[in-house]
Amino acid sequence: MPGLVHVTTTINGNQTDFLCEPRQSLLECLRDVVGMTGSKEGCNDGNCGACTVNMDGRIVCSCLVLGVEAQGAEVNTIEGVASAEGLHPIQQSFLENAALQCGICTPGFIVATKALLEAEPDADEARIRHWLAGNLCRCTGYDKIVRAVLDAGERMRAG
């Protein structure tokens, strides 16, 4: 097909090839081309964080990154957080602390939280609120989310 670009990238540890139009966002490519629908489209202008992924060690709004920019990159999405053994401690903490309701924002919060706790395992409440400021939730309020992140940090430090 004319106009399509071949992209080779690594998504959640697996080499992935896909074809996309040069104008398509990474979010569109993940959801519509690759079939990974965990990252959500909330605002499509980078304000809500529902589409947050980790790309080459940085959290980014996948709606603001072009799919072609994933060429050669390492992309980690919500689908790569849990393991075959079960939920990641962050996911378990979100569940047990009722830090989710409708679920639109949850993937972005979890991906951002994972990046934070891997970089700063002892992050305090102020740091968590600052780090997650790019993620919006219209259902739960933020206290339950912050409690879940603090709990996840404790779980991860305990092993």
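Relevant structure appears above.
Residues numbered from 1 in each chain as written. Predicted model: local features only at pLDDT ≥ 70, side-chain atom pairs only at ≥ 80, totals over all residues. Heavy atoms only, no water.

So, about the environment of valine 81. As for its position among the elements, valine 81 is in the loop between strand E5 (74–76) and helix H2 (89–96). For valine 81 and proline 121, which are 40 residues apart along the polypeptide, the C-alpha to C-alpha distance reads 17 Å. Setting aside residues no more than four positions away along its own chain, valine 81 makes contact with His88, Gln91, Ile110 and Lys114. (Helix = DSSP H or I, 4+ residues; strand = E, 2+ residues; numbered from the N terminus. Contact = heavy atoms within 4.5 Å.)

Summed over the entire model, instances satisfying the criterion amount to one aromatic pair. Between phenylalanine 109 and tyrosine 142, the ring centres sit 6.4 Å apart and the planes meet at 55 degrees, which makes this aromatic pair tilted. Of this pair, phenylalanine 109 sits in helix H3 (residues 106–119) while tyrosine 142 sits in the loop between helix H4 (125–131) and helix H5 (143–158), placing them 33 residues apart in sequence. The class for phenylalanine 109 is buried, based on a relative accessible area of 1%. Residue classification places tyrosine 142 among the partly exposed positions, given a relative accessible area of 32%. (Phe/Tyr/Trp six-rings, centres within 6.5 Å; stacked < 30°, edge-to-face > 60°. Buried < 20%, exposed > 50% of the residue type's maximum accessible area, 1.4 Å probe, protein only.)

Enumeration over the complete set of coordinates arrives at nine salt bridges. In this structure, glutamate 120 engages arginine 127 in a salt bridge whose closest nitrogen and oxygen atoms are separated by 2.9 Å. As a salt-bridge pair, arginine 129 and aspartate 143 come within 2.6 Å of each other at their nearest N and O atoms. With arginine 129 in helix H4 and aspartate 143 in helix H5, the pair connects residues that are 14 residues apart, well separated along the chain. (Salt bridge = Lys/Arg side-chain N within 4 Å of Asp/Glu carboxyl O.)

Next up on the list: the side chain of asparagine 12. Note on placement: asparagine 12 falls in the loop between strand E1 (5–11) and strand E2 (14–20). Within the structure, asparagine 12 has its side chain in polar contact with the backbone nitrogen of threonine 77 (distance 2.8 Å). Among all residues touching asparagine 12, those that are not within four sequence positions of it are Met36, Val75, Asn76, Thr77, Glu79 and Gly80. (Polar contact = N/O pair within 3.5 Å; in protein donor to acceptor, adjacent residues only side chain to side chain.)

The N-to-C vectors of H2 and H3 enclose an angle of 130 degrees; their axes lie 10 Å apart at closest approach. Compared by their axis directions, H2 and H3 come out oblique. The handedness of the crossing between H2 and H3 is right-handed. For the pair H2 and H3, the contacting residues are Ile90, Gln91 and Phe94 in the first and Thr106, Phe109, Ile110, Thr113, Lys114 and Leu117 in the second. Grouping the constituent residues of the contact of H2 with H3 by class yields five nonpolar, three polar and one charged. (Axes fitted to C-alpha atoms, helices over the stretch in contact; angles between N-to-C directions. Parallel < 35°, antiparallel > 145°, perpendicular 65-115°, else oblique. Left-handed = near helix turned anticlockwise from the far one by under 90°. Nonpolar A, V, L, I, M, F, W, Y, C, P; charged D, E, K, R; others polar.)

Pairing analysis gives seven bridges linking E1 to E2, with the strands arranged antiparallel. Residue threonine 9 lies in a different strand from E2, and its bridge partner there is threonine 16. (Pairing = 2+ DSSP bridges.)

Notably, aspartate 56 is not glycine yet its phi reads approximately 50 degrees, a positive angle. Along the chain, aspartate 56 turns up in the loop between strand E3 (52–55) and strand E4 (58–61).

A separate point is helix H1 (residues 26–34). All of the buried residues in H1 are Leu26, Leu27, Cys29 and Leu30. Buried positions along H1 lie against E1, E2 and E3. Glycine 35 occupies a position one or two residues after H1 and carries a positive phi of about 90 degrees.

Time to look at H2. One turn of an α-helix holds 3.6 residues; hence residues three or four places apart share an orientation. Looking only at H2, the buried set comprises Ile90, Gln91, Ser93 and Phe94. When H2 is viewed along its axis, its buried side chains cluster within an angular range of 160 degrees and face the same direction. Where H2 is buried, its residues contact H3 and H5. (Arc of directions from axis to C-beta.)

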